[in-house]
Structure formats: C-alpha cells, structure tokens
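Residues per chain, in single letters:
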Amino acid sequence: MAKVPRNFRLLEELEKGEKGIGDGSCSYGLEDSDDILMSNWNGTVIGPGHTVHENRIYSLKIHCGDSYPDQPPTIQFISRVNLPFVSQIDGKVDPSKLPVLSNWNRSKSIETVLVEIRREMASFNNRKLPQPPEGSTF
C-alpha cells in the first residue's frame with residue numbers, strides 16, 4: 001500500500017479536527033493557519049465525567065515533526081494536570097509512559113492521542129488523583 005505523504009496526511013487531520021470529533025470532548029487545530037509545514041497544533045481535552053477532571057478544559061501543544069506520521073507527535077500540556085505520564089516541571093508528556101505514543105504507528109493520529117489521553121484521565125488509577133487548581137498553567 002502506498003504511503004500517504006506527511007502534508008496530505010496532516011491536511012486530512014486538519015479537516016477532521018476543524019469539523020470536531022464525535023461528542024466534542026477533544027478538539028485540535030493548527031496553532032497558526034499560515035504554518036505551511038503544519039507542525040504546530042493546539043489541542044483541547046474536556047475532562048471526563050465522574051472523575052476529578054470533570055468539567056475541566058485542558059489545553060495542549062502538539063508538535064508534528066518532519067518524520068510525522070512515522071514518528072509520534074510531541075505533546076505538552078499548557079494546563080496544569082497531575083497524571084503519571086505528564087512532567088510536573090514543564091507539562092511535557094513522556095512518550096514511554098503513554099501507550100498510544102510508545103506503541104506508535106502510522107495508523108494513529110493527533111485525534112487518537114487526544115482520545116487516549118482523555119481515556120487515561122478516566123482510568124481507575126487516574127480518575128481520583130489530586131489535581132492542581134483549575135486554570136493554573138505550566
């Protein structure tokens with residue numbers, strides 16, 4: 001099967017992100033609409049219900065490097081959050097601690113990562129972790 005070039009793939013993702021995903025719990029788009037390389041993205045995850053994250057809106061920075069989608073994007077929380085895969089120093093997501101990034105392949109996308117982060121927020125181990133004050137940032 002032919003490999004879809006990086007820019008075509010990112011254009012596809014941009015179109016999908018602008019339309020919104022399913023129930024609107026995750027969204028993403030380009031940080032700067034003039035970014036012709038489509039490298040820098042913003043993402044939003046709305047905290048899942050019945051968890052300490054409920055009704056919180058988390059902002060993230062997403063960077064798709066030159067080798068995306070063969071290599072995963074880098075993810076960094078702007079909103080402060082206490083999760084085992086997020087650095088408490090700068091908000092960067094440690095790819096080795098988040099399976100969607102550590103087991104990356106071309107079939108995954110920005111959407112896959114955001115949905116997986118939200119799923120992790122709702123997981124048994126993370127759903128009740130004490131969180132920083134709402135609205136605080138890294």
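The structure presented is a predicted model; accordingly, all values stated were derived computationally and were not measured.

Visitor: How should I be thinking about the overall build of the chain in this particular structure?
Guide: Within the chain, the regular secondary structure consists of three helices and four strands. Across the chain, helices and strands are ordered from the amino to the carboxyl terminus as α-β-β-β-β-α-α. Computed over C-alpha atoms, the radius of gyration of the chain comes to 15 Å, within 12% of the 14 Å expected from 2.2 N^0.38 for 138 residues, which places it in the range of a compact globule. Principal-axis analysis of the C-alpha atoms places the extent of the chain at approximately 45 × 30 × 30 Å. Going through the 138 residues of the chain one by one, you find that 41% of them count as buried. Long-range pairs, those at least 24 residues apart, make up 54% of the contacts in the chain between residues at least 6 apart in sequence. Looking at the chain as shown, the accessible area adds up to about 7,700 Å², and 53% of this sits on carbon and sulfur atoms. Taken together, the 16 basic and 18 acidic charged side chains of the chain have centroids lying 7 Å from each other.

Visitor: How should I be thinking about the packing of aromatic side chains in this particular structure?
Guide: For any pair of aromatic rings, the description rests on two quantities: the centre-to-centre distance and the angle between the ring planes. One pass over the full model with this rule turns up three aromatic pairs. With centroids separated by 6.1 Å and ring planes inclined at 45 degrees, the aromatic side chains of tyrosine 28 and tryptophan 41 adopt a geometry described as tilted. Here tyrosine 28 is found in strand E1 (residues 26-30), whereas its partner tryptophan 41 is found in strand E2 (residues 40-46), with 13 residues between them in sequence.

Visitor: Would you explain a nonpolar patch on the surface in this entry?
Guide: Together, Val4, Phe8 and Leu11 give the surface a local cluster of nonpolar side chains, amounting to about 290 Å² of exposed area. Counting through the fold element by element, phenylalanine 8 comes out in helix H1 (residues 6-19).

Visitor: For this particular structure, what's the right way to read the environment of isoleucine 62?
Guide: Mapped onto the elements, isoleucine 62 comes out in strand E3 (residues 57-63). Distance in space between the C-alpha atoms of isoleucine 62 and valine 100 is 14 Å, their sequence separation being 38 residues. Contact partners of isoleucine 62, with chain neighbours within four places excluded, come to Ser39, Asn40, Trp41, Asn42, Gly43, Pro73, Thr74, Ile75, Ile110 and Leu114.

Visitor: Looking at this structure, I do not really get the environment of glycine 29. What am I missing?
Guide: Looking at the secondary structure, you find glycine 29 in strand E1. A relative accessible area of 15% places glycine 29 in the buried class. Distance from glycine 29 to alanine 2, taken between C-alpha atoms, is 26 Å for residues 27 residues apart in sequence.

Visitor: In this structure, what is going on with the sheet that holds E2? I would like to understand it.
Guide: Remark on secondary structure: sheet strands pair via backbone hydrogen bonds, oriented parallel or antiparallel. The sheet built from four strands is open, its strands ordered E1-E2-E3-E4 with antiparallel pairing. The open sheet is flanked by E1 and strand E4 (74-77), the only strands paired with a single partner. Mean inter-strand twist for the sheet, computed between neighbouring axes without regard to direction, equals 25 degrees. Pairing of E1 with E2, which is carried by five bridges, proceeds in the antiparallel orientation. Each residue of the ladder has a partner; that of serine 27, found in E2, is threonine 44. H1 contacts E1 and E2 of the sheet and is inclined by roughly 130 degrees relative to E1. Contacts from helix H3 (residues 110-121) reach E1, E2, E3 and E4 within the one sheet, and its direction differs from that of E1 by about 145 degrees.

Visitor: For this particular structure, what's the right way to read the state of the cysteines?
Guide: Linking two cysteines covalently through their sulfur atoms gives a disulfide. The tally for this structure, following the rule as stated, stands at zero disulfides. In this structure cysteine 26 is not part of a disulfide, and its nearest cysteine sulfur, from cysteine 64, lies 15 Å away.

Basis of the calculations
- Residues numbered from 1 in each chain as written.
- Predicted model: local features only at pLDDT ≥ 70, side-chain atom pairs only at ≥ 80, totals over all residues.
- Heavy atoms only, no water.
- Helix = DSSP H or I, 4+ residues; strand = E, 2+ residues; numbered from the N terminus.
- Rg over C-alpha atoms; globule rule 2.2 N^0.38 Å.
- Buried < 20%, exposed > 50% of the residue type's maximum accessible area, 1.4 Å probe, protein only.
- Contact = heavy atoms within 4.5 Å.
- Areas by Shrake-Rupley, 256 points an atom, 1.4 Å probe, with all protein chains shown as cover.
- Lys, Arg positive; Asp, Glu negative; His and termini not counted.
- Charge placed at Lys NZ, Arg CZ, Asp CG, Glu CD.
- Phe/Tyr/Trp six-rings, centres within 6.5 Å; stacked < 30°, edge-to-face > 60°.
- Patch = residues over 30% accessible without salt bridge, like charges linked within 9 Å, V, L, I, M, F, W, Y side chains within 5 Å.
- Salt bridge = Lys/Arg side-chain N within 4 Å of Asp/Glu carboxyl O.
- Pairing = 2+ DSSP bridges.
- Axes fitted to C-alpha atoms, helices over the stretch in contact; angles between N-to-C directions.
- Disulfide = S-S within 2.5 Å.

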